Each structure stands twice: as C-alpha cells, then as structure tokens.
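So the chains spell out like this:
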Amino acid sequence: SQKIEQNSEALNIQEGKTATLTCNYTNYSPAYLQWYRQDPGRGPVFLLLIRENEKEKRKERLKVTFDTTLKQSLFHITASQPADSATYLCALATGANNLFFGTGTRLTVIP
Amino acid sequence: NAGVMQNPRHLVRRRGQEARLRCSPMKGHSHVYWYRQLPEEGLKFMVYLQKENIIDESGMPKERFSAEFPKEGPSILRIQQVVRGDSAAYFCASSPPGTGAYEQYFGPGTRLTVT
C-alpha cells in the first residue's frame, strides 16, 4: 500500500541550530513533492515545491532535497528561531489532481 | 486579495443531523479541493471540483458525503446523518486555472464536532 512517513512526530532543537525533517515514501512515483507549515488551528501554508528532476531547492533559511532513488526528501531550517515552531507536512503529487500528505512533524525550537 | 474563506469555523452537530461546510476560493481561482484531517492523522484528499463539475471524488466516502461547486457562490461539502467518526477538521484549498495541485492555497478549516 502507499505510504508517506515523516521521521518523527515531534522534534525539539535549540535556537540557532539546523532542524532536519525527513519524509520517506513507498509505492509512489511522485511528479513533485511539497512542504507545508501548519500552525495549531490553522490551514497548511505552502513553503516549497521540488520536482522529481530537481535535487535541491532553497528559499531563504529553508532547503529541501529530493532523492527519488532513496524515495526520500529532507527539509532543513537553518538558524532556527522559536517562531519556526509548528507542524511541518510533506505532500506528494503523482498527478494533477490531488496531494497525498504525511502526518507531519511537530517542531519546537527552544530559546 | 482575501484568502480562501471557510465557514463556519466551528460546527457542532448531533448524530443524525446534516452538516454543511462552505468554501469561497480565492479571487480568480476556479479549482477547489476538500481535505479531511482526523485527530493525529494526516490530511486526506476527498474531492476536487471545478465550477459545476466534479473532477475527482476518489477520496469521498461512498455514502452520506457530497460536494458541489456551483456557477455562483461557494463550494459546499455536505455530510448527511453525521456520526461521531465524522468529527474532524475539514480544509478547503483553491488553485488558479491551469495549476492543478501544484499551487494550492488552504483555508483555515472548519472543525466539525459530532455529539
């Protein structure tokens, strides 16, 4: 069956360090992968998209890698800040119509 | 430019009642997606609509659930004869023409509680 796993339910790191979140998938051949941020009581907010033929994408303090051989994406937040504390979701798209989401990793950045 | 609007934000229904959730997409967006998020679970796709058309309803439960996106007005997700297991957050997303799932903007969600 198709599965998307995010490395852990919760991740705590010290302010200033780099947070690394993992998204692994099985039985998909995604055309692209997205990362979203979700705060409590809010809808997901799009952060980054990376296509199957791209290895890495950056946006300010965010970096995403995509390894279709390993079936894995890594999401990095450098110089983390308490304001980065949220749940981060990865989502795969195999076609044009919809996204398949992981359950998310709840990141807490400790001052 | 207002974002995706959903109402109500919170909805409480007794078992057996009907729930109607509304979604107004962003201005200029003609595609609407509905997702359900159960406690401690990921977002699950339910249905994808364009104006007056259901494009993909592969994630919709076979019974009691229906969705529409009329020519005028918001998209409606309707749940008939609600049961406790329907309690969840329901999110709507919209996208501009031609982008599909590439570029989805989510609303704040409707939290449905069935008592």
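Reading the values: rules and limits
Residues numbered from 1 in each chain as written. Chains lettered and ligands numbered in written order. Predicted model: local features only at pLDDT ≥ 70, side-chain atom pairs only at ≥ 80, totals over all residues. Heavy atoms only, no water. Helix = DSSP H or I, 4+ residues; strand = E, 2+ residues; numbered from the N terminus. Rg over C-alpha atoms; globule rule 2.2 N^0.38 Å. Buried < 20%, exposed > 50% of the residue type's maximum accessible area, 1.4 Å probe, protein only. Pairing = 2+ DSSP bridges. Phe/Tyr/Trp six-rings, centres within 6.5 Å; stacked < 30°, edge-to-face > 60°. Contact = heavy atoms within 4.5 Å. Buried area = accessible area lost by both parts, 1.4 Å probe. Salt bridge = Lys/Arg side-chain N within 4 Å of Asp/Glu carboxyl O. Core = buried A, V, L, I, M, F, W, Y, C linked by side-chain atoms within 4.5 Å.

Moving on to the overall build of chain A. Across its full length, chain A carries zero helices and 11 strands. In terms of overall dimensions, chain A is globule-like: its C-alpha atoms have a radius of gyration of 13 Å, near the 13 Å expected for 111 residues. If one aligns the C-alpha atoms of chain A with their principal axes, the spans along those axes are about 40 × 30 × 20 Å. Per-residue burial for chain A yields a buried fraction of 44% across its 111 residues.

This part takes up the pairing of strand β5 (residues 45–51) of chain A. Across six bridges, the pairing between strand β4 (residues 32–38) of chain A and β5(A) is antiparallel. Paired with Leu33(A) across the two strands is Ile50(A), which belongs to β5(A).

By the definition in use, this model includes 11 aromatic pairs over all chains. With a centroid separation of 4.8 Å and 20° between ring planes, the pair formed by Trp35(A) and Phe75(A) is classed as stacked. Taken together, the residues Trp35(A) in strand β4 and Phe75(A) in strand β8 (residues 72–77) connect sequence positions 40 residues apart. Here Trp35(A) matches Phe75(A) in class, with each residue buried. Their ring planes at 45° and their centres at 5.4 Å tell us that Tyr35(B) and Phe106(B) sit as a pair that is tilted. Residue Tyr35(B) is located in strand β4 (residues 31–37), and its partner Phe106(B) is located in strand β10 (residues 105–106); the two are separated by 71 residues in the primary sequence. Grouping aromatic residues by their ring pairs yields a cluster made of Tyr36(A), Phe46(A), Phe101(A), Tyr35(B), Phe45(B) and Phe106(B).

Before going further, it helps to spend a moment on the interface of chain B and chain A. Listed as interface residues are 21 residues of chain B and, on the opposing side, 19 residues of chain A. Carbon and sulfur atoms supply 52% of the area buried between chain B and chain A, which totals about 1,500 Å² over both sides. Three residues stand out in chain B for area buried against chain A, namely Leu43(B), Ala101(B) and Tyr102(B), and they jointly supply 37% of the buried area on that side. In this assembly, chain B and chain A are joined by zero salt bridges.

So, on to the nonpolar core. All names here are of chain A. Judged by nonpolar contacts, the single largest core of 24 residues is most densely connected at Trp35, Phe75, Tyr88 and Leu107. Elements with a contribution of two residues or more to this core: β2 (10–14), β3 (19–26), β4, β5, β7 (62–67), β8, β9 (86–93) and β11 (105–110). Setting aside chain neighbours within four positions, we find Leu107 in contact with Leu11, Ile13, Ala19, Ile77, Asp84, Ser85, Ala86 and Tyr88.

All names here are of chain A. Mapped onto the secondary structure, Asp84 falls in the loop between β8 and β9. For Asp84, a relative accessible area of 7% gives the class buried. Those residues within four positions of Asp84 in sequence are excluded, and the remaining contacts are Arg37, Arg61, Ile77, Leu107 and Val109.

On to the pattern of salt bridges. Summed over the entire model, instances satisfying the criterion amount to eight salt bridges over all chains. When the shortest N-O distance is used, the salt bridge between Lys3(A) and Glu5(A) registers 3.4 Å. A residue is classified by how much of its surface remains accessible, and Lys3(A), at 44% relative accessible area, is partly exposed. The closest approach of N and O atoms between Asp86(B) and Arg64(B), which form a salt bridge, is 2.7 Å. Highlighted residues: Asp86(B) in the loop between β8 (75–79) and β9 (88–95) and Arg64(B) in the loop between β6 (53–56) and β7 (65–68), separated in sequence by 22 residues. Since its relative accessible area comes to 3%, Asp86(B) is described here as buried. Among the charged side chains, a network of salt bridges with common partners joins Glu18(B), Arg20(B) and Arg78(B).

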